[in-house]
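Working through the structure, step by step
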Protein chains: 2
Amino acid sequence: MPWLDPDRALALVVEHTPTGVVREVALEDACGLVLAEDVVSDRDYPPFTRAMMDGFAVRVADAGRRASVCGIVAAGQDPQAAGLAVENGRAVEITTGAPCPPGTEAVVMHEEVDGDGESVRLPQGIRAGQHMAPRGSDCAAGTAVLRAGQELTALGIGILASFGRKKVRVLAPPSLAIITTGNEIIPEDGCAGPVTMRDANGPMLAAQARALGLDAATACARDSVEAIGQALARASQADIVLLSGGVSAGRYDLVPAALLGLHAEVIFHKVAQKPGKPLLFARMGRRLLFGLPGNPLSSHFCFHRYVAASLRKWMGLPAPPVGGTARLATALAGVPERTLFEPARVEPDERLEDGANGWTAVPAHTRSSADVFSAATANAYLRLPPGERGMPAGAEVSFAWIGGAR
Amino acid sequence: MPWLDPDRALALVVEHTPTGVVREVALEDACGLVLAEDVVSDRDYPPFTRAMMDGFAVRVADAGRRASVCGIVAAGQDPQAAGLAVENGRAVEITTGAPCPPGTEAVVMHEEVDGDGESVRLPQGIRAGQHMAPRGSDCAAGTAVLRAGQELTALGIGILASFGRKKVRVLAPPSLAIITTGNEIIPEDGCAGPVTMRDANGPMLAAQARALGLDAATACARDSVEAIGQALARASQADIVLLSGGVSAGRYDLVPAALLGLHAEVIFHKVAQKPGKPLLFARMGRRLLFGLPGNPLSSHFCFHRYVAASLRKWMGLPAPPVGGTARLATALAGVPERTLFEPARVEPDERLEDGANGWTAVPAHTRSSADVFSAATANAYLRLPPGERGMPAGAEVSFAWIGGAR
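Rules behind the numbers
- Residues numbered from 1 in each chain as written.
- Chains lettered and ligands numbered in written order.
- Predicted model: local features only at pLDDT ≥ 70, side-chain atom pairs only at ≥ 80, totals over all residues.
- Heavy atoms only, no water.
- Axes fitted to C-alpha atoms, helices over the stretch in contact; angles between N-to-C directions.
- Helix = DSSP H or I, 4+ residues; strand = E, 2+ residues; numbered from the N terminus.
- Parallel < 35°, antiparallel > 145°, perpendicular 65-115°, else oblique.
- Left-handed = near helix turned anticlockwise from the far one by under 90°.
- Contact = heavy atoms within 4.5 Å.
- Nonpolar A, V, L, I, M, F, W, Y, C, P; charged D, E, K, R; others polar.
- Least-squares fit on C-alpha atoms with pLDDT ≥ 70 in both.
- Buried area = accessible area lost by both parts, 1.4 Å probe.
- Salt bridge = Lys/Arg side-chain N within 4 Å of Asp/Glu carboxyl O.
- Polar contact = N/O pair within 3.5 Å; in protein donor to acceptor, adjacent residues only side chain to side chain.
- Buried < 20%, exposed > 50% of the residue type's maximum accessible area, 1.4 Å probe, protein only.
- Pairing = 2+ DSSP bridges.
- Phe/Tyr/Trp six-rings, centres within 6.5 Å; stacked < 30°, edge-to-face > 60°.
- Domains from an automatic or database assignment.

Some thoughts on the packing of helix 1 (residues 6–16) of chain A against helix 6 (residues 296–314) of chain A
Residues and elements named next belong to chain A.
- At a minimum axis separation of 9 Å, helix 1 and helix 6 run at an interaxial angle of 30°. When the interaxial angle is binned, helix 1 and helix 6 end up roughly parallel. Crossing angle aside, the handedness with which helix 1 passes helix 6 is right-handed. The segment helix 1 lies against helix 6, with Pro6, Asp7, Ala9, Leu10, Val13, Val14 and Glu15 engaging Arg305, Tyr306, Ala309, Ser310 and Lys313.
- In terms of residue class, the contact of helix 1 with helix 6 is made up of seven nonpolar, one polar and four charged.

Put into structure tokens, the structure is as follows:
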């Protein structure tokens, strides 16, 4: 297969990713997920005509006149049950959020009246309905407030709680499995020998998944078609499987062979990008399989750009907004035949005043796809088109935030 | 106390928020937290001189000549243990990631040689060290790779895992308690009567905290100094307490009285902003107390702007970057005497090509601070300075992303 354009590869990932099934989840687990139902108001909001200020519930006819204060109604109290009503010459003291007594035409603030507790002199100008929120004025009973397909925000959680909901139907996130392959990789608790290394990709990819709210099962597999097949069989419950390592062209890169043996449909293999050229994307029935390159930086980048897009599509979330463009703090060398994605630290440009969309990018200048050390504090990936031999300091370069952040 | 400027209020919150204590946490819980230790490389990376390509380990002197292939070394194999070495006229086949055998001066790719498995003809140009990563070239043993004060990224988690770390010392997040006050509020499982409402603020604020990775204990309290005091006593283990409701000037707004009774130091009360004017911020020993207005939109905004900043400071995280400026899709009316923060949906401006820093803002046009319904899908707060009577459609307005997202 020829090397694929990175944008075409991303489009293929999104195109071949299905949307998740509908599941009912507890309200406290629903924030950030996508609604799979319309949410309808259970009653009027406010459920009663509500005082918006502390003061007195009065009649407009009493403007400029003295009214006797025949009681007080506070939030949570029922004026009718207490036999309280507003009439000409009779006002009721009221607190913010309290139900207006029958007969209320307006609420005047404490600051606008004078008088003792017995009676008060009301101001000249009283507008009917002032400082009152009529029943249902924020939201009438039966109104569809939230729609299927919308991402549930914290405000949405509050709305569902006020409607008495404990659970809500959402698009379920995919279950995720991570399999690190390679004879040089020793499992987490093994000790590293002269020619072996501990697994860095499993914990790293799990952390990237967690940043999107997903827990992943992790495992290791040796470099054999059988071992990889067995690891895939153990992960048969996962909707999306990430295999790390073994996807290059070498005679020990057995992930493609293992997938073919399992009759997986390889959608693409090898993308014209650095890092992550050997990236493989395949489908097995409804399951998706990503073959990520074993070099940690390549794995990290391929999750950032491709796996995250697949997870978002599965959860019904839109693609994360592009990061934007930043000014290069140091020159950056290109890779003629491939698109370069360089880790970088992107910070607000101090030469622009607060609020301006100005960013400065400090490239990590990684030495290799194994050099995660230079990239440890990166918060974005810069993008240099192929054919671009390099860019000088000060040049504008486009970037995407790491972690789907805006 | 006079109304405080919103920026001065934010500065006071950050200034009075301490940085959290150091705690050792498991690696899988550490991503996004701030390191409280320098992390030093346990060994050289790569730990051996490593082949960067699949091919043959050779001598430079054999350029253009035929060399016999005396074996193969793959990733995870020890060539010395296998008695493999490279000499003039003798090459060793090698796979990406494998240790170079003793005597290796360069690696040539499969594509560059011809010959059967027995011997290969090598190309003319062979550069010493080509396609080899010398031991320690990515990171030498003893190098401080991560520094105290840095936010732990997924790459950082991978680095710690490769160093054999299971735990890491970080700045511990604060413990959080949320207390919703008000006689009109019925607890979650109660049923709403004609003049009562279910608690929306507790679940909403808990969801906002969760978006920052924090779990919060929630409770309700009646409108009495005693009940509020008892709820605060039950939350005595919390580092930061959010009280919702009861912070206005009314005779049933008893949070200020309750805090004074507990000898809390009120740092400010009332901010010149809409929503959230009654916001109160206090300190009790090392504990911080936020008195959030009871209207859900006010509570949501005050968490977004003030509580989140306090939580980030506690965790050692920098202030979230400013969102930027967006083009107003519809006109927005100002509030002369206060800074207006209006919920809005901010999306990339379709009139600008991909990658450009262009945003369009659709204001929610909320009717009141109780109107969370119009704001349910907002992802940002727009900011209009005081004195600003309004802005027409198309005007540039500054915004901040909701949820600390960039």
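Having seen the structure, we can now continue with the description.
Regarding the relation of the copies chain A and chain B
- It takes a turn of 180° to lay chain A on chain B, together with a shift of 0.0 Å along the axis; the resulting RMSD is 0.1 Å. Put plainly, the chains are arranged around a two-fold axis.

Describing the interface of chain A and chain B
- At the junction of the two partners, chain A supplies 88 residues and chain B supplies 88 residues.
- Approximately 7300 Å² of surface area, both sides summed, lies buried where chain A meets chain B, with 61% of it carried by carbon and sulfur atoms.
- Applying the counting rule to chain A against chain B returns four salt bridges.
- For Asp29 of chain B, the salt bridge goes to Arg210 of chain A, with nearest N and O atoms at 3.0 Å.
- Linking chain A to chain B there are 14 residue pairs in polar contact (both at pLDDT 80 or more).
- Contributions of two or more residues to the side of chain A that touches chain B are made by strand 10 (144–146), helix 2 (154–162), strand 14 (197–198), helix 3 (201–211), helix 6 and strand 21 (324–328) of chain A.
- With eight residues, helix 2 of chain A is the single largest residue contributor to the side of chain A that touches chain B.
- For the side of chain A that touches chain B, the per-class residue count stands at 41 nonpolar, 25 polar and 22 charged.

Some points on the side chain of Gln130 of chain A
Residue and element names in this part refer to chain A.
- On the secondary structure map, Gln130 appears in the loop between strand 8 (119–121) and strand 9 (132–133).
- Take Gln130: its relative accessible area is 7%, and that puts it in the buried class.
- Only 2.9 Å separates the side chain of Gln130 from the backbone nitrogen of Arg127, close enough to count as a polar contact.
- Sequence-distant contacts of Gln130, that is, excluding residues within four places in its chain, are made with Ala106, Val107, Val108, Glu112 and Gly125.

Digging into the pattern of salt bridges
Residues and elements named next belong to chain A.
- Scanning the entire structure with this criterion turns up 30 salt bridges over all chains.
- Between Asp7 and Arg305 there is a salt bridge, with the nearest N and O atoms lying 2.8 Å from each other. Separated by 298 residues along the polypeptide, Asp7 in helix 1 and Arg305 in helix 6 bring together distant segments of the chain.
- The exposure class assigned to Arg305 is buried, which follows from its relative accessible area of 13%.
- Counted as one network, the salt bridges with shared partners bring together Asp7, Arg305 and Arg383.

A few points about the packing of helix 3 of chain A against helix 6 of chain A
Residue and element names in this part refer to chain A.
- For the pair helix 3 and helix 6, the least separation of the axes is 10 Å and the interaxial angle reads 20°. By the angle class used here, helix 3 and helix 6 are roughly parallel. Crossing handedness for the pair helix 3 and helix 6: right-handed. Together, Asn201, Met204, Leu205, Gln208 and Ala209 of helix 3 and Pro296, Ser299, His300, Phe303 and His304 of helix 6 make up the contact between the two elements.
- Looking at the contact of helix 3 with helix 6 residue by residue, the classes come out as five nonpolar, five polar and no charged.

Considerations on the sheet that holds strand 15 (residues 216–221) of chain B
Residues and elements named next belong to chain B.
- As summarised here, the arrangement of the six strands in space is 15-12-16-20-19-17, forming an open sheet in which the pairing is mixed. Every other strand in the sheet has two partners, leaving strand 15 and strand 17 (265–269) as the edge strands with one partner each. Taking the axes of each pair of neighbouring strands and ignoring which way they run, one obtains an average angle of 20° across the sheet.
- Sheet topology places strand 12 (residues 176–181) next to strand 16 (residues 240–244); five bridges connect them, and they run parallel.

Some remarks on helix 3 (residues 201–211) of chain B
- Within helix 3 of chain B, the full set of buried residues consists of Asn201, Gly202, Met204, Leu205, Ala207, Gln208 and Ala209 of chain B.
- Once helix 3 of chain B ends, the next one or two residues include Gly213 of chain B, with phi positive near 85°.

A word on the packing of aromatic side chains
- Summed over the entire model, instances satisfying the criterion amount to 22 aromatic pairs over all chains.
- Considering the side-chain rings of Tyr45 of chain A and Phe373 of chain B, the 5.6 Å spacing of their centres and the 50° angle between planes classify their relative orientation as tilted. Note that Tyr45 of chain A is positioned in the loop between strand 2 (39–40) and strand 3 (50–51) and Phe373 of chain B in the loop between strand 24 (359–363) and strand 25 (380–384), a pairing that runs across two chains.
- Residue classification places Tyr45 of chain A among the buried residues on the basis of a relative accessible area of 4%.
- According to the relative accessible area criterion, Phe373 of chain B is buried, its value standing at 11%.
- Feature note: the residues Phe301, Tyr306, Phe341 and Tyr381 of chain A constitute an aromatic cluster, connected by ring pairs.

A look at the domain arrangement of chain A
All names here are of chain A.
- Splitting chain A by domain gives domain 1 (6–20 + 173–314), domain 2 (24–42 + 140–171), domain 3 (50–133) and domain 4 (323–401).
- Taken over C-alpha atoms, the centre of domain 1 sits 26 Å from the centre of domain 4.
- Here domain 1 and domain 4 share an interface that buries about 1400 Å² over both sides, 62% of which is from carbon and sulfur atoms.
- If you sort the residues of domain 1 by the area they bury against domain 4, Lys274, Leu297 and His304 come out on top, with a joint share of 46%.
- Connecting domain 1 to domain 4 are one salt bridge.
- A salt bridge links Arg383 to Asp7; the shortest N-O distance between them is 2.8 Å.

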